[in-house]
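Coordinate analysis (summary)
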Amino acid sequence: MTRLLDLGIDRIRNIIMDMARLSEQSVFTSIDSYDKGTNVKKQIFEWSEKLRVLQDETADLAIELIARYQPVATDLRFIRSCMEIAYGFSRFGRYAYDIVEVLETIGHINDCDKTAVLGMASTVREMILLSVEALQLRDKNASAKLYEMDDTVDALYRKYLREVITPQNDQDKKDMNPRCYISALLILRYLERISDHACYISDSIHYIMTGRSSPRR
Amino acid sequence: MSNEEELARVVFSQGSENALKEGQKEQTYKVSIKKLEAWFGTKQALKDVSLDVKENTITAIIGPSGCGKTTLIRCLNRMHEMTPSSRSRGQVIIDGIDIYDRNIDPVIIKRRIGMVFQKPNPFPTMSIYDNVAAGLKLNGVKDRQLIDEIVKESLQGAGIWEEVKNELDKPGMGLSGGQQQRLCIARALAMQPEVLLMDEPTSALDPMASTKIEELVHDLKQELTIIIVTHNMQQAARVSDYTAFMYLGALVEYGPTKKIFENPEKELTERYISGKFG
C-alpha cells in the first residue's frame, strides 16, 4: 500500500526535477547569448521567475508534508534537502538572468576576448550537469568531484581578477577595454556563484543519503 | 528525616554489601539493564536486552505491538514476576543496585520506581486526597501534616493542584480522563520515586490532555528519570531525550532521539519510524 506521504514526496521530486531542467537551460542559454551576442533577456527573465515560483511551491509543499505527516529519517532529510536544492536551482536562474542583464547594461562586446568566461563556463556547465545527474541517481559521492571543479573555478576567477588589477605592461593597460573586463569580471563572478551552488546541491544529496552534513566551505 | 530519606534508607538497608560494592561501579547511569530476558510460560518476550539510562532524562521505548515494550518496563519494577508463569533473567541495576538481587524486597523497589499505566486508574472509592495519600498511609506514614504537604506537593508536581485544590474530598473518579491520569501521576509522585515508568500514558486521552501530560513529563525530568512506552512516534520524538526501538522482543536500536528520528543506523528502525511496516 502506498503511504500518503509518498504521494507528496513524488510531487516534490517532480518539481525539483523540473527545476533542474529549467535552471540548466537558463544558465546554458545565458552563456550562449554571451558567446553569440543574442538577446534572450525576456526569455531568461521568464524562466528565472518560474524557478522562483517553483522554489516557493517546493517550500510550501515541504511545510505541508511536515505538518501533515511528520516525516522522519530519510523522508525528513529528503524534504528538508529539497528546500535547499530548490533554492540552489532558483539561484541558477537568477544568476543566468544577471548574466544576460550584464550584456544589456554593458552593450556591444563582440570584439572582447571571451576566452576566460567561456573557459570557466565550460567547467560550470559540466558542474551543473553533474549535480543534476547526482540528484537523479542519488549519488552521494558526487561532492568530491564537484568541489574539485569548484576549486578550479575559484582559481580561474582569482587569476582573472589579478590580471585585471595588475596589467603586465603599458601595452596591456592600453588594450584593456573597460566594457570587456567589467562584463567578464561580473559574469565570472556569477559563474563562480553557480559553481558554489552546484556543490551545495551535491552536499544536500550527500545529506539525504547518509544523514551527515558536509561542513560548508 | 524526610520521607524521601526514610524511604531511601529502607531501600538501601535491603541491599547486600555485595550489591552495594557492585553498585559503585555502575553509578554512571541511573538505570542499567544488562542481558535482560523475560518469558511468559514458554514464550520469550524479551531477548538479551541491554541498555543504560542516564539520570534526569526521558527515554522513550517504541516498537510495534507485542515487541516487548511493556514487558521491559514491567521488569524494571519487578511487576513482570507478578504474572503467573512468568520469569526473567538478567540484571536491572538502579543506582548501582541490582533490583533482582535476592536480598532486595520487590515491594521496596516498587516504592522507588513509580508507574503510570495506559488507562487512568484512580482508586474508585477514594477521594482525590486519599488517592494521593494512599501509598503513604500504606507505608506507615501517619503524620497528618506531612501527608498534607506531600499530597499538595504531588498534586502541584502533577500540574493538577490548581484544578482540584478546592475539591480534594471529591471522588477521584469524578475527574476528566486527563485529570485522572495526572492524579495517577500525583499518586506515583507522592512516593517520591526516582524513576517513573509510564506505559502509554496518553493513549486514552484527547489531544489537549495528552499535551498537558507531555508538558508535565518534560517538567518532571528535572527531578526524575522517566521511561515512557509509547505507540505514538511523534510523542516519542517530542518528549524524549533518548529512544529505544524494540522488535520481536529484542532491542534493535537505542540512541539520542534526534539521531533515531533523523538518521537511524538500522534499516529496520528506519522502516518502522517511517511507517513502512508495523
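Let me begin by describing the structure that accompanies this report. Starting from 1, residues in each chain are numbered consecutively following that chain's sequence as written. Chain letters start at A and ligand numbers start at 1, both assigned in the order the entries are written. Only residues with pLDDT of at least 70 are given local features in this predicted model, and only at 80 or more are side-chain atom pairs given and counted; all residues enter the totals for whole chains, interfaces and linings.

Time to look at the sheet that holds strand β5 (residues 97–98) of chain B. Either a parallel or an antiparallel arrangement is found when strands of a sheet pair, and the pairing is made through backbone hydrogen bonds. Residues and elements named next belong to chain B. Only strands that DSSP links by at least two bridges are regarded as paired with each other. Helix and strand assignments come from DSSP, with helices taken as H or I runs of at least 4 residues and strands as E runs of at least 2, each series counted from the N terminus. Ordered by their spatial adjacency, 4 strands build an open sheet running β2-β1-β4-β5, and the pairing between neighbours is antiparallel. The sheet is open, and its two edges are formed by β2 (43–53) and β5, each paired on a single side. By the bridge criterion, 8 bridges tie strand β1 (residues 31–40) to strand β4 (residues 86–94) in an arrangement that is antiparallel. Its bridge partner lying in β4, Val31 is registered against Ile94. Any pair of residues counts as being in contact when their C-beta atoms, constructed from backbone geometry, are within 7 Å of one another. The axes are straight lines fitted to the C-alpha atoms, using for helices just the contacting stretch, and the angles between their N-to-C directions are given from 0 to 180°. Against the sheet, helix α3 (residues 69–76) contacts β1, β2 and β4, and its axis sits at roughly 65 degrees relative to β2.

Right, let's talk about the sheet that holds strand β10 (residues 250–256) of chain B for a bit. Residues and elements named next belong to chain B. Spatial ordering of the open sheet is given by β6-β7-β8-β3-β9-β10, a layout of 6 strands whose pairing is mixed. Of all strands in the sheet, those bounded by a partner on one side alone are β6 (113–116) and β10. Taking the axes of each pair of neighbouring strands and ignoring which way they run, one obtains an average angle of 15 degrees across the sheet. Sheet strands in contact with α3 are β3 (58–62), β6, β7 (195–199), β8 (225–229) and β9 (242–247), and its direction is about 150 degrees off that of β8. Against the sheet, helix α8 (residues 177–190) touches β6 and β7, its axis set at about 170 degrees to β6.

Let's shift gears to the interface of chain A and chain B. Taken residue by residue, the interface counts 9 residues in chain A and 9 residues in chain B. Here the side of chain A that touches chain B is built from residues that sort into 3 nonpolar, 3 polar and 3 charged. Residues are grouped as follows: Ala, Val, Leu, Ile, Met, Phe, Trp, Tyr, Cys and Pro are nonpolar; Asp, Glu, Lys and Arg are charged; all remaining types, including Gly, are polar.

Residues and elements named next belong to chain A. Interhelical geometry of helix α4 (residues 115–137) versus helix α7 (residues 178–210) gives an angle of 20 degrees and a closest axis separation of 9 Å. When the axes of α4 and α7 are compared, the pair comes out roughly parallel. Where α4 crosses over α7, the handedness of that crossing is left-handed. Facing Ala116, Val117, Met120, Ala121, Val124, Met127, Ile128, Ser131, Ala134 and Leu135 of α4, the residues of α7 in contact are Ala184, Ile187, Leu188, Leu191, Ile194, Ser195, Ala198, Ile201, Ser202 and Ile205. Small angles under 35 degrees read as roughly parallel and large ones over 145 as roughly antiparallel, with 65 to 115 read as roughly perpendicular and the rest as oblique. Helix crossings get a hand from a simple test, with the near helix turned counterclockwise from the far one by less than a right angle marking a left-handed crossing and a clockwise turn marking a right-handed one.

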